[in-house]
Amino acid sequence: MLAAHYSNRLTENEYLAGELLSDTKHELIDGYVYAMAGTSKNHERIASNINAEFNLHLKNSPCEPFSSDMKVKVSSNFFYPDVSVVCDDTDGDDYYTESPIIIVEVLSKSTRRTDQTVKRQNYLQIPSLQEYLLIEQDIVDIEVLRRH
C-alpha cells in the first residue's frame, strides 16, 4: 500500500542502500520512493495462506515462494508483491529478484488502482512471469492473468 511519496528522485543504488537501513518498506517507481503502509488482518490472512499453500505445493521443487518482504525488480523499478514464486533466480542478489514466475497482489481500497495499473504494466514486462493474480480482500473475486 502506497502511503507516502518522497519528492526527491533516487538512483537504484541509493534506494537499495536505504532499504537495508529502513524499518519501513518502500517501493521505487520511476525514481520516486513510496512508503508502504501496513495491511489489514484480512489482507495478511489471505497473503499468508497463499504463501503457505505455495510452500506445501512447491516442496521438493526448485521453485520457492516469497512473502511481501522480497522485492521484485522490473527495469529500474522495485515492488514488494504480497507473494511471489521464483524458480530460476540467477540474478545474483539476495534482496530482490528479477525472475518471478508468479506474482500475487491482495487488493485493498488503497492499493487497487496501483496494483491494477502501474504494477500490472510493470509485472507483465517480466519475461519469466507466467501468472499475475489480483485477489480482492473484501469480496470474493480473483483475477488471473496467464501467459501462454
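Worth saying up front: this structure is predicted, and the values here are computed from it rather than measured.

Novice: Mind showing me how you'd approach helix H3 (residues 112-123) here?
Specialist: Along an α-helix, residues three or four positions apart point the same way, because every turn accommodates 3.6 residues. Within the sequence span of H3, burial applies to Thr 114, Asp 115, Lys 119, Arg 120, Asn 122 and Tyr 123. Taken down its axis, H3 places every buried residue within 165° of arc, on the same side. Among the exposed residues of H3, those pointing more than 90 degrees away from its buried face are Arg 113 and Gln 121.

Novice: Could you clarify how one ought to interpret the state of the cysteines in this entry?
Specialist: Two cysteines whose sulfur atoms are joined by a covalent bond form what is called a disulfide. Tallied over the full model, the rule gives one disulfide. Here Cys 63 pairs with Cys 87 through a disulfide, and the sulfurs are 1.8 Å apart. Measuring handedness by torsion sign, the sulfur bridge of Cys 63 and Cys 87 sits at about 100° and is right-handed. Remark: Cys 87 occurs in the loop between strand S7 (83-86) and strand S8 (96-97) and Cys 63 occurs in the loop between helix H2 (41-57) and strand S4 (64-66); sequence separation between them is 24 residues. Since its relative accessible area comes to 14%, Cys 63 is described here as buried.

Novice: Quick question: what am I supposed to make of the layout of surface pockets here?
Specialist: The rolling of a water-molecule-sized probe over the atoms marks out the regions of remaining empty space. Counted as a void, the largest pocket has a volume near 320 Å³. Considering the residues around the largest pocket, the lining is formed by 21 residues, among which Lys 25, Thr 39, His 43, Ser 68 and Asp 82 are closest to the centre. Counting only elements with at least two residues in the lining of the largest pocket, the list comes to H2, strand S9 (100-107) and H3. Sort the elements by how many residues they give to the lining of the largest pocket and H2 lands first, with five residues. In terms of residue class, the lining of the largest pocket is built from seven nonpolar, eight polar and six charged. Put simply, the second largest pocket is a space of about 190 Å³. In terms of lining, the second largest pocket is formed by 13 residues, of which the most central are Glu 19, Leu 20, Lys 71, Tyr 80 and Tyr 95. Per element, the largest residue contribution to the lining of the second largest pocket is three residues, and it comes from helix H1 (residues 12-21). Taken together, the residues that form the lining of the second largest pocket break down as five nonpolar, two polar and six charged.

Novice: Sorry, what's going on with the nonpolar core here?
Specialist: Formed by 13 residues in total, the largest nonpolar core has its most connected members in Ile 50, Phe 54, Val 83, Val 85, Ile 102 and Val 104. Listed by contribution, the elements that provide at least two residues to this core are H2, S7, S9 and strand S10 (131-136). The biggest single contributor to this core is H2, with four residues. When neighbours within four sequence positions are excluded, Ile 102 is seen to be in contact with Phe 54, Val 83, Ser 84, Val 85, Leu 129, Glu 131 and Leu 133. Grouped together as the second largest cluster of nonpolar side chains are twelve residues, Ile 29, Leu 107, Tyr 132 and Leu 134 included.

Rules used throughout
Residues numbered from 1 in each chain as written. Predicted model: local features only at pLDDT ≥ 70, side-chain atom pairs only at ≥ 80, totals over all residues. Heavy atoms only, no water. Buried < 20%, exposed > 50% of the residue type's maximum accessible area, 1.4 Å probe, protein only. Helix = DSSP H or I, 4+ residues; strand = E, 2+ residues; numbered from the N terminus. Arc of directions from axis to C-beta. Disulfide = S-S within 2.5 Å. 1 Å grid on protein atoms, 1.4 Å probe; cavity = no way out; pocket = protein on both sides within 12 Å on 5 of 7 lines; lining within 4 Å. Points joined across faces, edges and corners; volume = space filled by probe spheres on them. Nonpolar A, V, L, I, M, F, W, Y, C, P; charged D, E, K, R; others polar. Core = buried A, V, L, I, M, F, W, Y, C linked by side-chain atoms within 4.5 Å. Contact = heavy atoms within 4.5 Å.

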